[in-house]
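Structure assessment
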Amino acid sequence: MTTTIYFLEHLQFCIHYGLHFLFPGILAWYFYNSQWKKVWIIWASTILVDLDHLLATPMFDPTRCSIGFHPLHSYPAIAIYVVLLFPARTRLVAIGLVMHMLTDYQDCCWNRYIMALQSQLI
Ligand SMILES: [Zn+2]
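Attention here is on the structure that accompanies the text. (Residues numbered from 1 in each chain as written. Predicted model: local features only at pLDDT ≥ 70, side-chain atom pairs only at ≥ 80, totals over all residues.)

This part takes up the overall build of the protein. Check the secondary structure of the protein and you find four helices and zero strands. Going from N to C terminus, the protein has its helices and strands arranged as α-α-α-α. Counting the 122 residues in the protein, one finds 18% classified as buried. If you take every contact in the protein between residues at least 6 apart in sequence, the share linking residues at least 24 apart comes to 52%. (Helix = DSSP H or I, 4+ residues; strand = E, 2+ residues; numbered from the N terminus. Buried ≥ 20, exposed ≤ 12 C-beta atoms within 10 Å, placed from the backbone. Contact = placed C-beta atoms within 7 Å.)

Now for the packing of helix 2 (residues 36-45) against helix 4 (residues 88-121). At a minimum axis separation of 8 Å, helix 2 and helix 4 run at an interaxial angle of 50°. One finds that helix 2 runs oblique with respect to helix 4. Pair helix 2 / helix 4 crosses with right-handed handedness. In this structure, helix 2 uses Val39, Ile42 and Trp43 to contact helix 4, whose residues at the interface are Leu92, Val93, Ile95, Gly96 and Met99. A per-class count over the contact of helix 2 with helix 4 returns seven nonpolar, one polar and no charged. (Axes fitted to C-alpha atoms, helices over the stretch in contact; angles between N-to-C directions. Parallel < 35°, antiparallel > 145°, perpendicular 65-115°, else oblique. Left-handed = near helix turned anticlockwise from the far one by under 90°. Nonpolar A, V, L, I, M, F, W, Y, C, P; charged D, E, K, R; others polar.)

Right under this line is the structure:
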């Protein structure tokens, strides 16, 4: 069981950062042809919203769910990101921000699943 948890934690890490950096690159390449690198940089730059982690104590907690905890990951902030999908001028950044929130949300699901597995060990 501990080997399974060890494997799942590493898979979670790879999926999390793959969705933050690699997946936006694939989407940009597929949908934005010649401008894919510019779009990829914009989407990957949305990682800057994680600067709000600097306000938390402890600053980094791998088991903490960012969604609903940090200010730029709060539900009102996410609502603003969704609204920003509509104006063409803000759409690209908003897509990146919404992808970021979905990525962090799926990470919360991983955390809950792994913690549930760990609690069965006790
Ligand atoms: Zn985040």
